[in-house]
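# Understanding the architecture of this molecule
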Amino acid sequence: MIRNLSLDQLRVLVAIADTGSFSAAGRRIGRAQSAISQAVAGLEATQGVQLFDRSGHRPRLTEIGRLLVEQARMVLASAARFEAVAANTRAGLEPELALAIDPLVPSGPLIESLRALRDTYPDLPVSFSTEGLGGAERRLRQGSAALAICLLLPAPPDDIAALPLLSVKLVPVAVPDHLLARLDRPITRADLEPHIQLVLSDPVDTTGPAYGLASARLWRFVDLQRRLDMLLAGFGWCRMPEHLIVQLLAEGRLVRLEIADDGAREDLTIYAAHMRDRPLGPAGRWLLDDLKLRLIGS
């Protein structure tokens with residue numbers, strides 16, 4: 001019976017539930033009480049249910065009436081979002097902003113920028129995904145993300161516009177009782193080779209760009225948390241973002257590994273990136289400017 005259901009009927013139903021009477025609902029939405037009664041009668045007739053118990057001084061919602069009021073609220077909210085997205089698009093705003101985020105990106109400034117974006121564009125649909133190493137760039141190329149906050153290894157490709165946002169310092173670490181941590185001298189690459197290295201990996205292309213590989217035995221992870229769990233369990237060593245392990249180092253649950261002649265870079269650059277042939281829309285540019293202000297200061 002969807003064809004006989006109107007948003008106006010749902011607005012009337014919600015107004016009665018909110019105000020407690022037909023007459024008060026009429027005053028709220030500027031209708032005569034008779035028009036309110038007619039709308040409710042029509043809704044009950046088309047849906048084949050009794051929404052109100054009229055045996056008392058004031059009509060009371062029946063059990064099915066209370067349930068359908070909540071459904072009506074959801075439908076009206078969805079309709080409002082529908083209209084808002086259409087209005088935003090008419091005004092030149094992108095219909096949706098799809099973001100792809102590298103797991104190495106610190107959460108703090110990103111959360112603050114996303115809150116500010118929500119306050120500025122409250123009706124903008126935003127989709128968000130954290131990708132494994134290489135996944136954010138792949139989503140840009142597939143067109144399923146408009147803006148990526150990510151590593152670009154070994155360097156930003158020519159067809160991607162990339163703005164450096166911040167550097168992440170990676171620290172080689174292990175638990176205190178790991179064999180590597182118990183060496184009383186700088187660790188050589190020969191020392192590292194037989195031990196399991198816990199590495200972030202591209203789940204699609206394991207032969208793609210890699211960073212700081214030094215062991216013959218690799219355990220590959222898409223997300224940082226599971227890798228950290230295995231690290232703390234003593235299964236291997238890895239290079240962790242310093243901002244995530246400061247407390248663990250202070251507590252002595254992890255220790256730094258001093259690696260002699262370590263060819264891996266200590267700092268990796270996080271970029272804000274989009275395809276050059278797909279410029280950002282107004283909301284994407286706003287988010288990028290806000291991130292720049294928080295992370296770069298200009």
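Our subject is the structure that appears above.
Per chain, the residues get numbers from 1 upward, laid out in the order the sequence is written. Per-residue local features of the predicted model are confined to residues with pLDDT of at least 70, and side-chain atom pairs are confined, for both listing and counting, to 80 or more; whole-chain, interface and lining totals are unaffected and use all residues. The side-chain numbers reported here are obtained from all heavy atoms of the structure, hydrogens and water having been left aside.

Burial classification: accessible surface area is computed with a 1.4 Å probe over protein chains only, and a residue below 20% of its type maximum counts as buried, one above 50% as exposed, and the rest as partly exposed. Runs of E in the DSSP output that reach at least two residues are strands. Runs of H or I that reach at least four are helices, and both are numbered from the N terminus. The two faces of strand β5 (residues 147–150) match: L147 and I149 on one face and A148 and C150 on the other face are all buried. When DSSP finds two or more bridges between a pair of strands, those strands are recorded as paired. In terms of strand pairing, strand β3 (residues 97–101) meets β5 through three bridges, oriented parallel. Its bridge partner being in β5, I101 is matched across the sheet by I149.

Moving on, we come to the side chain of E137. Its location among the elements puts E137 in helix α6 (residues 135–142). With relative accessibility at 19%, the residue E137 sits in the buried group. Any two residues having at least one pair of non-hydrogen atoms within 4.5 Å are treated as being in contact. Once residues lying within four places of it in the same chain are set aside, the contact partners of E137 are L152, P157 and I160.

On to the side chain of Q9, then. Locating Q9 in the fold gives a position in helix α1 (residues 7–19). Setting aside its immediate chain neighbours within four residues, Q9 contacts N4, A39, G42 and L43.

Here, axes are lines fitted to C-alpha atoms. For helices the fit covers the stretch in contact, and angles between N-to-C directions go from 0 to 180 degrees. It is the contact of helix α2 (residues 22–29) with helix α3 (residues 33–47), at a shortest axis distance of 8 Å, that shows an interaxial angle of 105°. Relative to α3, α2 is oriented roughly perpendicular. Contacts from F22, S23, A25, G26 and I29 of α2 reach α3 at Q33, I36, S37 and V40. Looking at the contact of α2 with α3, its residues break down into five nonpolar, four polar and no charged. Each angle gets one of four labels, with under 35 degrees taken as roughly parallel, over 145 as roughly antiparallel, 65 to 115 as roughly perpendicular, and the rest as oblique. Lys, Arg, Asp and Glu make up the charged group, whereas Ala, Val, Leu, Ile, Met, Phe, Trp, Tyr, Cys and Pro make up the nonpolar group; the residues left over, Gly among them, are polar.

One recurring pattern in soluble globular proteins is that nonpolar side chains are buried together. Residues belong to a common nonpolar core when they are buried Ala, Val, Leu, Ile, Met, Phe, Trp, Tyr or Cys residues joined through side-chain atoms within 4.5 Å. Formed by 41 residues in total, the largest nonpolar core has its most connected members in I149, L231, M240 and I270. Here this core gets six residues from one element, more than from any other, and that element is strand β6 (residues 160–174). I270 has contacts with L104, V105, I149, C150, L151, L163, P164, L165, L166 and V168, leaving out every residue within four places of it along the chain. Within the second largest apolar cluster, 18 residues are counted, among which are V12, A15, V40 and F52.

Looking now at unusual backbone geometry. Trans peptide bonds make up most of the peptide bonds, and negative phi angles are found at most residues other than glycine. Cis geometry is found at the peptide bond from L153 to P154, where omega equals -5°. Here P154 shows up in the loop between β5 and β6.

Our focus in this paragraph is the environment of W237. With respect to the secondary-structure elements, W237 resides in the loop between α8 (224–232) and β9 (238–241). Note: C-alpha distance between W237 and D123 (114 residues apart in sequence) is 45 Å.

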